Amino acid sequence: MADDTILNSTPIHWLSSNETDLLSESVLDWLMEVGSMTRRFEQHCQQVSVVPFREDFITLAELNDESEHLPVSEKYWLREIVLYGDNIPWLLGRTVIPEETLTGPDRKLVDVGTVPLGRYLFSGNNLTRDYIQIGRQGERWARRSLLRLSGKPLLLTEVFLPNSPAYK
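Read on for a plain summary of the structure. For every chain, the first residue of its written sequence is number 1, and the numbers climb from 1 along that sequence. Given that the model is predicted, a residue must reach a pLDDT of at least 70 before its local features are reported, and side-chain atom pairs must reach 80 or more before they are shown or counted; all residues, however, enter totals for whole chains, interfaces and linings. Only heavy atoms go into the side-chain values, all of them from the structure, while hydrogens and water stay out.

1. Comments concerning the overall build of the protein chain
Along the protein chain, the regular secondary structure elements total three helices and seven strands. Going residue by residue from the N terminus, the α and β elements of the protein chain occur as β-α-α-β-β-β-α-β-β-β. Taken over C-alpha atoms, the radius of gyration is set against a globule rule of 2.2 Å times the number of residues to the power 0.38. The globule rule puts the C-alpha radius of gyration for 168 residues at 15 Å, and the 15 Å found for the protein chain is close to it. Taking the principal axes of its C-alpha atoms as reference, the protein chain extends roughly 40 × 35 × 30 Å. Exposed residues in this analysis have more than 50% of their type's maximum accessible area, buried residues have under 20%, and partly exposed residues fall in between, with area computed by a 1.4 Å probe over protein chains only. A buried classification covers 51% of the 168 residues belonging to the protein chain. Whether two residues touch is decided by their heavy atoms; if any such pair falls within 4.5 Å, the residues are in contact. Long-range contacts, defined here as pairs at least 24 residues apart, represent 63% of the contacts in the protein chain between residues at least 6 apart. Of the roughly 8,300 Å² that the protein chain leaves accessible, carbon and sulfur atoms contribute 51%. Numbering of helices and strands runs from the N terminus; a helix is a DSSP stretch of H or I covering at least four residues, while a strand is a stretch of E covering at least two. Exposure was quantified through the Shrake-Rupley algorithm and a 1.4 Å probe, taking into account, for residues, occlusion by the shown protein chains and nothing else.

2. Looking at the sheet that holds strand 4 (residues 88-98)
Pairing between strands is defined by DSSP: at least two bridges between the two strands are required. What the seven strands build is an open sheet, ordered 1-5-6-7-4-3-2; its pairing is antiparallel. The sheet is open, and its two borders are formed by strand 1 (13-14) and strand 2 (48-58), each paired with just one other strand.

3. Considering the packing of aromatic side chains
In this scheme Phe, Tyr and Trp rings, the latter by its six-membered ring, pair at centre separations within 6.5 Å, and the angle between planes marks the pair as stacked below 30 degrees, edge-to-face above 60, and tilted otherwise. What the rule picks out here adds up to four aromatic pairs. Relative to tryptophan 90, the ring of phenylalanine 41 has its centre 5.2 Å away and its plane inclined at 45 degrees; by these criteria the two rings are tilted. Taken together, the positions of phenylalanine 41 in helix 2 (residues 37-42) and tryptophan 90 in strand 4 put the pair 49 residues apart, joining distant regions of the chain. Put simply, the rings of Trp30, Phe41, Trp90 and Phe160 touch in pairs and so form one group of aromatic residues.

This is the structure in structure tokens:
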């Protein structure tokens, strides 16, 4: 990942499936959430808000192991955010979208701004998830999902911050 990424403080160690057996059931329940994480967070606060950290196009060279999960593209849309529950930072999010995914109505993905991505992605019935991969970034839990919007891929990485309800 590029040096100016929101997730650069500590590399994420992605776990093998037998390593996930060590997780508590409550944390695992959060990490394996198949619905909208935004909706899940909304059950634990009055207001979910998003502050974009970085939004721009990047090249294949700026991807790290993410390139193993996405098709080769001339450029990728990168969106990094901090998600807050009642003004408390709960989650770091990094979305990488191949340019070819940004066609038709899905071109709107470059303009969601302060709207949580989950509100856009889970608003229709054209979203599928290929897998969820669980990881660790220092003391924080993380997950990575390959999603398909109308069959077109995007990669979403989420790191749960210490005040997140996932740890309670």
